[in-house]
Amino acid sequence: MEGAAGSERVVKRVCPFCEGMCGIAVTVVDDTVVNIRPDTENAWSQGHVCPKGIMLGEVHHDPDRLLSPMIRTGDHWASVTWDEAFAHAERLVARVLPKHGHGAIAGYIGNMSAKGFGSARYAGRFFALGKIPNIYSSSLTDQHPKNVVCHLMYGAMWRIPIPDLDRTDLFVVMGANPAASKGSIFSHRDVLGAMRDLRARGGRVVVVDPVQTATAQKADQWIAIRPGTDAAFLLAVANVLFAENLVAPAHLTPILNGLEEVRELAGRFPPEKVEAFCGVSAGEIRGLALEIGRAKRAAVYGRIGLCTQSFGTLSSWLIEVIAILTGNLDRIGGSLWSTQLADHQDLTAPYSTDIPLVTGKSRVSGTTAFLGQLPIACLAEEIDTPGEGQLRGLVTFGANPMLSSPGAERLGDAFGGLDFMISIDNYINETTRFADLIFPAPSVLEQPHWDVYGWAFALKSGGHYSPTVFERKDRPEEWQVLTRLGTILGGEPHLDLDELDDEYFAAMCDVRGIDRAVAFAASPHSGPERILDLAIRSGPFGDRYGERPEGLTLQNFKDDPRGKVVADATPLGSSVLNTATGKIEMAHPHFLADVDRLEAAMTETPSPMVLVSRRQLGSLNSWLHNVDSLVRGKNRCTLYIHPADAVSAGLKEGDFAVIESASGAVTVPVEVQTQIRPGVVSLPHGWGHDAPGARLRVAGSRPGANSNLLSPRDLRDPASGNAVFNGIPVRVSKADG
Ligand SMILES: Nc1nc2c(c(=O)[nH]1)N[C@H]1C(S)=C(S)[C@@H](COP(=O)(O)OP(=O)(O)OC[C@H]3O[C@@H](n4cnc5c(=O)[nH]c(N)nc54)[C@H](O)[C@@H]3O)O[C@H]1N2
Ligand SMILES: Nc1nc2c(c(=O)[nH]1)N[C@H]1C(S)=C(S)[C@@H](COP(=O)(O)OP(=O)(O)OC[C@H]3O[C@@H](n4cnc5c(=O)[nH]c(N)nc54)[C@H](O)[C@@H]3O)O[C@H]1N2
Ligand code: SF4
Ligand SMILES: [Mo]
């Protein structure tokens, strides 16, 4: 586990930043990380790694990273003790709670709240203890359309099918770039390597993307679709499948509702009708449809480019429809559901499975909340619009909405007007600079790790326990911080934390049908370790606390730093389904009702220039730009533009361009690229680190521009409320001077 040579030790663990779940070996001398290398012995990743995992030491040692709680008075920040911080939190909450109640408090959970050992297991607990009724999250800038789709079709919003890349014959990638992102809602140790293996065994890879990404460059075919038109494209694919008698739901037939409705709908979308809209010839659409229909096994995968567009729900729905029509859903080599070794969802997720699709309307604009959450764009207006129910207090948690969401300007003003704002974060950044109080989260190396979301979207059942590299005796553990802060927000600051945790654990034992007394007796630890142990032991491969002696416990993973992969995913049949009928609802009226909007869009004159987003290997949304080795070298916050468009705009490589949309303008250098569809430009998100008051010295010295200043607040997918970052109409011109 740990080898010692003098003061040197090597700790094997996993990088938590993305679903790659790479094993790394961290060499530490005294209190300093001197080297990180890929762990070739890791049972899952087998030595795969990217530049971010190797830089975990720099992230940990970043001098701007917060080590103690911070209180803001005006522009001044003071570092305080934990006791002072909790006392201050009580004072802050008292500004709102007695007079306005919990309805005036909101939470905003971001991407990083899901990646910590404590936070992944206590985020739901925190908001429950805090009695916070208004929860906003980065889900509504991400996969919410998929949640809506799986909720309606399968009765379970997190039962999202995953492409079985290792066993397929045809892999179709739409709106995803695993070469940069490493796969999303699709955990794989090495997507590009698996694409290479697929092609070597005679299979094919097709990428549908307005940009010929590094993934598309490794594919057999690139289809340069016009942004925001995938729903029409996929309806035309379905049209051809029906027309050519390639529809064969096979094993799904007995559990399928809605085939006739889908047949009728697809009949209205022959390839010839959509080719101009999609910017893809009818021949190319037909060719792909025939290929999908005739392939023995095909996996069609759609991700962020499909979710964060105007037709996010329709396109995400149609990805499922194509899999069902061709019998590829729940089939080896098609798309499968995962079987987790340590499923936490019923234990800790802030989402309930028994939730209606529509959960309310917003106070100010009457916007629909789907599955418990309002669009992010509603947050600013709910804060800055006076009246009964106005939001006056906010907690942000592992989130940087000032860079990651639309409408940053109004959001910043709104944050400035709150009665209190508390953040849990590692930095004073573009968002947390507005907080009155920041609780520092532990660094990756200051806590154990067991990936929750990675394994949830993996087609292998496995697990890996990462030990803490640097023990921190001077601060409470993160779950304790969350529990304590939760009680303060809940108006019950004097509750006993250990008792609360025992209560929480006992309730989880009940969920899993485990005898409480047995579980308590077998669990020396408390907090997240105890929950993880329960998840493993009561899971499909667990020992059920001794009932199945050959089964697994957390200790088995602590004893083996390589981790374990114990099974490949297999079809799960109707056991996954939780719909009222017990069947797959392929043609839910919620989807069909949105088709008119698509048909209307097809008659509109397209914008001559639209913007899409892109990810970069060295970034993680907005927050790794303070690591010098990840941002050194040439400016990465550039606009990709096609040579023909560059000529029209009078731009050449390296010139600065002004990009304007209905909501704002940014200025960045251009990179002239043949690998992009004419009429489309691409910007990375997560830049724009020039906010006054942020304490990010490296990022601030190479700020880039915030691409979301170009994302209009009112542009969203109305069927899910999800934000739109792709297909935004823009104008590009040469910057003065
Ligand atoms: N234009 C455009 N915008 C996008 C996207 C896009 O493709 N294009 N993608 C969207 C997507 S998919 C997402 S998920 C969102 C992400 O949106 P956010 O979650 O709002 O953004 P992040 O940059 O991931 O912010 C992570 C925050 O967590 C903090 N942090 C880092 N480590 C920890 C930790 O251990 N604990 C805690 N508590 N905090 C920590 C960081 O300092 C940072 O403030 O962005 C969305 N925005
Ligand atoms: N290095 C790195 N890795 C990350 C992240 C990161 O910021 N950096 N973020 C993580 C997060 S939070 C997420 S959610 C995942 C996302 O992971 P991915 O889904 O793989 O996201 P992207 O790499 O942004 O790829 C989106 C692709 O969609 C294309 N696209 C845009 N509009 C359209 C459209 O209308 N139709 C089609 N067909 N394509 C379109 C874009 O050109 C782009 O190539 O990545 C995760 N991994
Ligand atoms: S960021 Fe993802 S791909 Fe990179 S090392 Fe970490 S887990 Fe692996
Ligand atoms: Mo995301």
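We now turn to the structure provided with this report. Everything numeric in this text was worked out from a predicted model, so none of it was measured.

### Considerations on the overall build of the chain
For the chain, the helix and strand inventory stands at 29 helices and 32 strands. For the chain, whose C-alpha radius of gyration is 25 Å, the value lies close to the compact-globule estimate of 27 Å for 737 residues. Counting every position in the chain, which comprises 737 residues, the buried fraction comes to 62%. For the chain, contacts bridging at least 24 residues in sequence account for 73% of all contacts bridging at least 6.

### Some words on the packing of helix α5 (residues 117–129) against helix α21 (residues 497–511)
Two numbers describe how α5 lies on α21: the axes approach to 13 Å, and their chain directions differ by 115°. In this view, α5 runs roughly perpendicular relative to α21, as classed from their interaxial angle. Note on packing geometry: the crossing formed by α5 with α21 is right-handed. Of the residues in α21, those in contact with Arg121, Tyr122, Arg125 and Leu129 of α5 are Leu500, Asp501, Glu503 and Tyr504. Class assignment of the residues belonging to the contact of α5 with α21 gives a composition of four nonpolar, no polar and four charged.

### Section: the sheet that holds strand β12 (residues 221–223)
Within a beta sheet, neighbouring strands are joined by backbone hydrogen bonds and run either parallel or antiparallel to one another. Strands sit in the order β12-β11-β10-β14 across an open sheet of four strands; the sheet is parallel. Each edge of the open sheet carries a strand with a single partner, namely β12 and β14 (298–302). Averaged over all pairs of adjacent strands, the angle between strand axes in this sheet comes to 15°, irrespective of strand direction. Judged from the five bridges that link them, strand β10 (residues 170–174) and β14 form a sheet pairing that is parallel.

### Observations regarding helix α11 (residues 271–278)
Every buried residue of α11 is accounted for by Pro271, Val274, Phe277 and Cys278. Taken end-on, α11 shows its buried residues confined to a sector of 125°, consistent with a single buried face. Looking one or two residues beyond α11, the residue adopting positive phi is Gly279, at roughly 70°.

### A closer look at the site of ligand 1
What surrounds ligand 1 is a group of 29 residues, the closest being Asn111, Ser404, Asp425, Ser622 and Asn708. In this structure, an oxygen atom belonging to ligand 1 sits 2.7 Å away from a main-chain N or O atom of Asn111. Interatomic distance of 2.6 Å between a side-chain N/O atom of Asp425 and an oxygen atom of ligand 1. Those elements giving two or more residues to the shell around ligand 1 turn out to be α17 (401–404) and β19 (420–425). Of the residues belonging to the shell around ligand 1, the class tally is 11 nonpolar, 15 polar and three charged.

### Things to note about the site of ligand 3
Ligand 3 sits among Cys15, Phe17, Cys18, Gly20, Met21, Cys22, Val49, Cys50, Lys52, Gly53 and Lys182. When the residues that make up the shell around ligand 3 are grouped by side-chain class, the tally is seven nonpolar, two polar and two charged.

### What to know about the pattern of salt bridges
Tallied over the entire structure, the rule returns 39 salt bridges. Notably, a salt bridge pairs Arg199 with Asp220, separated by 3.1 Å at the nearest N-O pair. In this pair, Arg199 sits in helix α8 (residues 191–200) while Asp220 sits in the loop between β11 (204–208) and β12, placing the two residues 21 residues apart along the sequence. The partly exposed category is assigned to Asp220, whose relative accessible area is 32%. For the salt bridge of Arg597 with Asp717, the shortest nitrogen-to-oxygen distance reads 3.6 Å.

### Thoughts on a negative patch on the surface
A cluster of acidic side chains, namely Asp496, Asp498, Glu499 and Glu503, defines a negative patch on the protein surface. Looking at the secondary structure, you find Asp496 in the loop between α20 (478–489) and α21. In this structure Asp496 comes out as partly exposed when scored by relative accessible area, which is 38%.

### Thoughts on the packing of aromatic side chains
Under the criterion given, the structure shown has 20 aromatic pairs. Between the aromatic rings of Trp82 and Phe439, the centroid separation amounts to 6.0 Å while the plane-to-plane angle is 35°, which identifies the pairing as tilted. Of this pair, Trp82 sits in helix α3 (residues 82–94) while Phe439 sits in strand β20 (residues 437–440), and the two are 357 residues apart along the sequence. Exposure remark for Trp82: the relative accessible area of 11% places this residue in the buried category. Three or more aromatic residues joined by ring pairs form one cluster here, namely Phe17, Tyr427 and Trp623. Sitting over the ring of Phe557, Lys564 keeps its end group 5.8 Å from the ring centre.

### Comments concerning the sheet that holds strand β18 (residues 393–397)
If you walk across this open sheet you meet the seven strands as β6-β5-β20-β19-β18-β7-β8, and the pairing is mixed. The two strands at the open ends of the sheet, each matched to only one other strand, are β6 (76–79) and β8 (134–137). Averaged over all neighbouring strand pairs, the angle between strand axes comes to 20°, with direction disregarded. Sheet topology places strand β7 (residues 105–109) next to β18; five bridges connect them, and they run parallel. Note that in β18 the partner of Gly107 across the bridge is Val395. Strands in contact with α3 are β5 (70–73), β19 and β20; relative to β20, the strand with the most contacts, it is inclined by about 140°. Of the strands in this sheet, β7, β8, β18 and β19 touch α5, which is tilted by about 170° from β18.

### Structural notes on helix α12 (residues 282–294)
The terminal C-alpha atoms of α12, which comprises 13 residues, lie 18 Å apart, in line with the 18 Å expected from a rise of 1.5 Å per residue. Those residues of α12 lying buried are Ala282, Ile285, Leu288, Ala289, Leu290, Ile292 and Gly293.

### Structural notes on the nonpolar core
If you look at the biggest cluster of nonpolar residues, it comprises 95 residues, and the most contacted ones within it are Phe171, Phe233, Trp317, Ile584 and Leu598. Top element by residues in this core is helix α9 (residues 230–243). It accounts for 11 residues. Not counting the four nearest positions on each side in its chain, Phe171 is found in contact with Pro163, Leu165, Phe186, Val191, Met195, Leu198, Arg204, Val205, Val206, Ala299 and Tyr301. Membership of the second largest hydrophobic core comes to 59 residues, among which are Tyr122, Phe127, Ile536 and Leu554.

### Brief notes about the pairing of β5
In terms of strand pairing, β5 meets β6 through four bridges, oriented antiparallel. In the sheet register, Met70 faces β6, and the bridge partner there is Ser79. Following β5, the chain reverses through two residues before pairing antiparallel with β6; Gly74 in that reversal takes a positive phi of roughly 60°. Both β5 and β20 contribute to a ladder of two bridges, which runs antiparallel. Residue pairing across strands places Met70 opposite Ile438, the latter belonging to β20.

Criteria and thresholds
Residues numbered from 1 in each chain as written. Chains lettered and ligands numbered in written order. Predicted model: local features only at pLDDT ≥ 70, side-chain atom pairs only at ≥ 80, totals over all residues. Heavy atoms only, no water. Helix = DSSP H or I, 4+ residues; strand = E, 2+ residues; numbered from the N terminus. Rg over C-alpha atoms; globule rule 2.2 N^0.38 Å. Buried < 20%, exposed > 50% of the residue type's maximum accessible area, 1.4 Å probe, protein only. Contact = heavy atoms within 4.5 Å. Axes fitted to C-alpha atoms, helices over the stretch in contact; angles between N-to-C directions. Parallel < 35°, antiparallel > 145°, perpendicular 65-115°, else oblique. Left-handed = near helix turned anticlockwise from the far one by under 90°. Nonpolar A, V, L, I, M, F, W, Y, C, P; charged D, E, K, R; others polar. Pairing = 2+ DSSP bridges. Arc of directions from axis to C-beta. Near = heavy atom within 4 Å. Polar contact = N/O pair within 3.5 Å; in protein donor to acceptor, adjacent residues only side chain to side chain. Salt bridge = Lys/Arg side-chain N within 4 Å of Asp/Glu carboxyl O. Patch = residues over 30% accessible without salt bridge, like charges linked within 9 Å, V, L, I, M, F, W, Y side chains within 5 Å. Areas by Shrake-Rupley, 256 points an atom, 1.4 Å probe, with all protein chains shown as cover. Lys, Arg positive; Asp, Glu negative; His and termini not counted. Charge placed at Lys NZ, Arg CZ, Asp CG, Glu CD. Phe/Tyr/Trp six-rings, centres within 6.5 Å; stacked < 30°, edge-to-face > 60°. Lys NZ or Arg CZ within 6 Å of the ring centre and 35° of its normal. Expected span 1.5 Å × (residues − 1). Core = buried A, V, L, I, M, F, W, Y, C linked by side-chain atoms within 4.5 Å.

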